[in-house]
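Residue-level listing of the chains:
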Amino acid sequence: MKIRNVAFVVTALLILGFAMAGYGQEPKEHWYTFNAGAGFTPLVGQVGNRLNNGWNATGGAGVRITSRFEVNAQFMYSGLGVKPIILAEAGVPSANSHVWSISADPKLRFGGARRFDPYLVGGVGYYRRTVNFTAPTTIPVTLFDPFFGVLFPGLLPADIQLGSITRSSIGGSAGAGFHIRMGESTVKFFAEARYHYAGTGPIPTRMIPATVGFEW
């Protein structure tokens, strides 16, 4: 059902993009691009039965080949949770997980440099998924009291790492989004959703991050 929803969004974006393709004049743009964004990362498939949905942050830089085609080098990090069933299987009190990737992402833009610019985007790169098993503890620290101007010992809560499992693989992504140019500048707001797949061991990583941010 989630994949069907993504397909519906992609179709709607393309229809809207073609309808607005002739809107506005194209301002001059740089031949290079930078982008940064963040959003929500839902998991799909078997990995979603073992890890919890999380958040993502992404950033990249690229080269604009033409007004409608560019290629970006992109880094993405997704912070995820761990299901209670995994904690019970491992016999640990707590855990956390994350996925990071670095990829080459071609982007086909339908609006060029116009104010509204829908696009298709894909990517191929390296994915690394890690699950860290932890336990709560405390660590001794030296604290400073600015009122009396003295140092004194104290304890702060922390997590100790008991072990970890890491899986890495080549993977890819495909999705769609849109840019909206901010005023008369070349800075653009963007929103996109992509399906990511990486064969990280017996249970592959499948996720559909939804991300918003800015490109300039």
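This text follows the structure it describes.
Computed from a predicted model, the values in this text were never measured in an experiment.

Engineer: Give a description of the side chain of Asn132 that names residues and reports values.
Structural biologist: Locating Asn132 in the fold gives a position in strand β5 (residues 116-145). Its relative accessible area of 12% is what places Asn132 among the buried residues. Excluding residues within four positions of it along the chain, Asn132 makes contact with Ser94, Ala95, Asn96, His98, Gln161, Gly163 and Ser164.

Engineer: Talk me through the pairing of strand β7 (residues 188-198); I want residue IDs and the actual numbers.
Structural biologist: For β7, the buried fraction is high: eight of the 11 residues fall into the buried class. Where strand β6 (residues 150-181) and β7 come together, 11 bridges link them in antiparallel fashion. Along β7, the bridge assignment pairs Gly172 with Tyr197. Linking two consecutive strands that pair antiparallel, namely β6 and β7, is a turn of six residues; a positive phi of about 60° is found at Gly183 within it. Both β7 and strand β9 (residues 210-215) contribute to a ladder of six bridges, which runs antiparallel. Opposite Phe189, over in β9, you have Phe214 as the bridge partner. Of the pairings in the sheet, the one linking β7 to strand β8 (residues 205-207) comprises three bridges and is antiparallel in character. Its bridge partner being in β8, Ala198 is matched across the sheet by Thr205.

Engineer: Describe empty space enclosed by the protein, with residues and values.
Structural biologist: Over the atoms, a rolling probe the size of a water molecule traces out where space has been left empty. Counted according to the given criterion, the structure contains two cavities of 30 Å³ or more. Space inside the largest cavity adds up to approximately 240 Å³. Lining the largest cavity are 20 residues, with Thr58, Gln74, Asp105, Glu192 and Arg194 sitting closest to its centre. For the lining of the largest cavity, the leading source of residues is β7, giving five residues. Of the residues assigned to the lining of the largest cavity, the class counts are seven nonpolar, eight polar and five charged. Taken as a whole, the second largest cavity encloses approximately 40 Å³ of empty space. Surrounding the second largest cavity, Glu29, His30, Tyr32, Arg64, Thr186, Glu215 and Trp216 form its lining.

Engineer: Now, about the pairing of strand β2 (residues 51-66): what can you tell me, with residues and values included?
Structural biologist: Where a strand is regular, its side chains alternate between the two sheet faces. Across 10 bridges, the pairing between strand β1 (residues 32-41) and β2 is antiparallel. Paired with Gly37 across the two strands is Thr58, which belongs to β2. Bridging between β2 and strand β3 (residues 69-82) involves 13 bridges; their strand directions are antiparallel. Its bridge partner lying in β3, Asn56 is registered against Ser78.

Conventions used here
- Residues numbered from 1 in each chain as written.
- Predicted model: local features only at pLDDT ≥ 70, side-chain atom pairs only at ≥ 80, totals over all residues.
- Heavy atoms only, no water.
- Helix = DSSP H or I, 4+ residues; strand = E, 2+ residues; numbered from the N terminus.
- Buried < 20%, exposed > 50% of the residue type's maximum accessible area, 1.4 Å probe, protein only.
- Contact = heavy atoms within 4.5 Å.
- Pairing = 2+ DSSP bridges.
- 1 Å grid on protein atoms, 1.4 Å probe; cavity = no way out; pocket = protein on both sides within 12 Å on 5 of 7 lines; lining within 4 Å.
- Points joined across faces, edges and corners; volume = space filled by probe spheres on them.
- Nonpolar A, V, L, I, M, F, W, Y, C, P; charged D, E, K, R; others polar.

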